[in-house]
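Survey of secondary and tertiary structure
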Amino acid sequence: MCGIVAGIAQRNVVPILLEGLKRLEYRGYDSAGLAVVNDKQIFRKRELGKVKGLETLLSQDPIKGHLGIAHTRWATHGKPSTENAHPHISQDNVAVVHNGIIENHEQLRTELKQYGFRFTSETDTEVIVHKIAEFLQNGLSFVQAVKNTVAILNGAYALGVIYSLDPDSLIACRRGSPLVIGVGIGEFFIASDIAALLPVTRRFIFLEEGDLAVLKIDAVVIYDKNDAIVSRPIVESQLKADAVEKGQYRHYMLKEIYEQSWAISETLEGRFLDKQLLDSAFGHNAGLVFDQIKSVQILACGTSYHAGLVARYWFETLGRVPCNIEVASEFRYRNPVITPDTLVVTISQSGETADTLAALLEAKRLGVKHALAICNVPESSLVRASDLVLLTRAGPEIGVASTKAFTSQLVALLMLVVAVGRRFGMSPALEQEVVSELFTVPGNIEKVLKLDASIELLSQRFADKHNALFLGRGTHYPIALEGALKLKEISYIHAEAYPAGELKHGPLALIDAEMPVVTVAPNDYLLEKLKSNIQEVSARGGQLIVFMDEALGESDEENIQIIKMPSVSHIISPIIYTIPLQLLAYHVAVLKGTDVDQPRNLAKSVTVE
Ligand code: G6P
């Protein structure tokens, strides 16, 4: 999704902005651009495609300045093109970069056209820059012109604004889209996330909803949504600049798959005392909240939603806790029935997914008193909007297809099942069993990673296929969904997942030798049922790839290839069986030559609806 980097400094900011844009590439984008103020004029470069293209353009025809804004665009209004790329300029003297969606842009466009403003793009963003220019023409100061403009915008925005006749100020504001200020020595920067600025600073100010900041070389003034001057704390980030580098790996996704045992150990660290899960791991008053709640409602999108689907099985089967789950984009508009004593659990890697945030606000509007976020980004909007939080500690996830964040979410959710479940009658023995199993996850992941070479070989069976089917039952049905999602996201092979019991109700009609059927078959109470489903597919000529517990001693049959998995308990098997499906999708994508880390049309952090 769109990324913003901007800065005001005593040095030329162009190389810093370019480096920042590269660090935001993972968010997904289709064009890039940059504008600087120099000698009271604005200079701009924009390019369709990758930041590398913009960099080449800048090396051929350099621009420089102490004040600049830069952007990667993920098209919403108007196709990917140079004309639609940001920054957008008005009257040759104001330029903006924008992340978000302006919902009343059509009405503003009509009005501005009547006042004689000429539009050069199809974007919703362009109304913002013309509106600021209009206020400036009417004699308002730069700051006041931006304030008056954002006051009439409906929708979501993070903005960086420059004005060539005020070359000492960079204006930044946000509502509904993320934006952070990087505090340097004699310089300030803004960016959509801190990863963009780690090479220049570790000190950050997180803007609140409705904040507007005026950045100068030596000072920053922040106005809150009521136009009062406020002071926001400076937070020191613990992230190292190389936390977002690929290292020895060919792709971020592979690096992140291999980081999973570490990410999970980190997520478990310090949250238990003598193998007893601490309520305080979820926040100061978590114990009191858990004592009061009567049910759980999970809200999430994409891969995080799949983690929630697994958790629903765990909450009800292990914890006997009534649990509902819904994709956030549906929940937010459905006017659902929800009682105040429900614990709303949001799950999000980024903590900035617009639908998940909006669904949380909707739940609060409907009277829900307690919200808990499972999130990978401590400073994110979702964390700040929730009273309880369990941070996954997976480190920055750069590959668009989520891997280590997903398995860390599963671990965090299993911890939550224990914490809530013990209030609903989960026996101390079962609690102890779950906790012991949790600590075996990192070691078991290491074992599965040893299958990498054989899964790479297996991936060749998919390279010329157009469709694939994934099957699972119980907690492994969501794992099948996640396996199918991974494959479609990065290899562009159409993949669907079904609970295996549904085969006879439709998907069996699709079975032929051209449709690989990937089956997740751990050694649990549904195994015998699943074996029957496998035979149903095999009898119809379907080609099965079955991930199965090695202890079962099964071997290949005609049409059935068995991949032997380490023996693990049914409690943690969804986490363990995720790993080979990630590796499979990865190797198929590499064989197909797709852009593994930045698949077409997708964004890492979906900050608009
Ligand atoms: C996008 C990403 C997915 C992610 C989903 C939800 O679609 O490409 O990988 O699962 O957003 O993101 P979140 O940050 O809320 O987990």
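Under an unreviewed UniProt entry, the protein chain has the name Glutamine--fructose-6-phosphate aminotransferase [isomerizing] and belongs to Methylomonas paludis. On record in UniProt, under Subunit (unreviewed entry), the comment for the protein chain is "Homodimer." Per UniProt, the comment on the protein chain under Function (unreviewed entry) is "Catalyzes the first step in hexosamine metabolism, converting fructose-6P into glucosamine-6P using glutamine as a nitrogen source."

**Examining the UniProt feature "domain: Glutamine amidotransferase type-2" (unreviewed entry) in the protein chain**
Those places that UniProt annotates as "domain: Glutamine amidotransferase type-2" (unreviewed entry) correspond, in this numbering, to residues 2–218. For the annotated span residues 2–218, helix accounts for 24% and strand for 33% of the residues, and the straight-line distance between the end C-alpha atoms is 28 Å.

**Here we look at the site of the ligand**
Neighbouring the ligand are 13 residues; S304, S348, Q349, S350 and T353 lie closest to it. With respect to the ligand, the backbone of A603 contributes an N or O atom lying 2.9 Å from an oxygen atom. Bound to the protein, the ligand loses 90% of the 390 Å² it would expose on its own. No other element matches the three residues that helix α9 (residues 302–317) contributes to the shell around the ligand. Of the residues belonging to the shell around the ligand, the class tally is four nonpolar, eight polar and one charged.

**Examining helix α3 (residues 105–114)**
When we look at burial in α3, the residues that qualify are H105, L108, R109 and L112. The buried residues of α3 occupy an angular sector of 105 degrees when the element is viewed end-on, so they sit on one face. More than 90 degrees from the buried face of α3, the exposed residues found are E106 and Q114. In this fold, the buried residues of α3 make contact with β6 (94–102) and α4 (126–137). At the exit of α3 stands G116, carrying a positive phi of roughly 95 degrees.

**A word on the packing of α9 against helix α16 (residues 476–491)**
Each pair of packed helices can be described by the angle between their axes along with the distance between the axes. Here α9 crosses α16 at 170 degrees, and the two axes come no closer than 8 Å. Here α9 is positioned roughly antiparallel relative to α16, judged by the angle of their axes. Considering only the axes of α9 and α16, their crossing is left-handed. Within the contact between the two elements, α9 uses G302, T303, H306, L309, V310 and Y313 and α16 uses Y477, P478, I479, L481, E482, L485 and K486. Taken together, the residues of the contact of α9 with α16 break down into eight nonpolar, three polar and two charged.

Basis of the calculations
Residues numbered from 1 in each chain as written. Predicted model: local features only at pLDDT ≥ 70, side-chain atom pairs only at ≥ 80, totals over all residues. Heavy atoms only, no water. UniProt positions renumbered as here; feature names shortened; annotations may be inferred. Helix = DSSP H or I, 4+ residues; strand = E, 2+ residues; numbered from the N terminus. Near = heavy atom within 4 Å. Polar contact = N/O pair within 3.5 Å; in protein donor to acceptor, adjacent residues only side chain to side chain. Areas by Shrake-Rupley, 256 points an atom, 1.4 Å probe, with all protein chains shown as cover. Nonpolar A, V, L, I, M, F, W, Y, C, P; charged D, E, K, R; others polar. Buried < 20%, exposed > 50% of the residue type's maximum accessible area, 1.4 Å probe, protein only. Arc of directions from axis to C-beta. Contact = heavy atoms within 4.5 Å. Axes fitted to C-alpha atoms, helices over the stretch in contact; angles between N-to-C directions. Parallel < 35°, antiparallel > 145°, perpendicular 65-115°, else oblique. Left-handed = near helix turned anticlockwise from the far one by under 90°.

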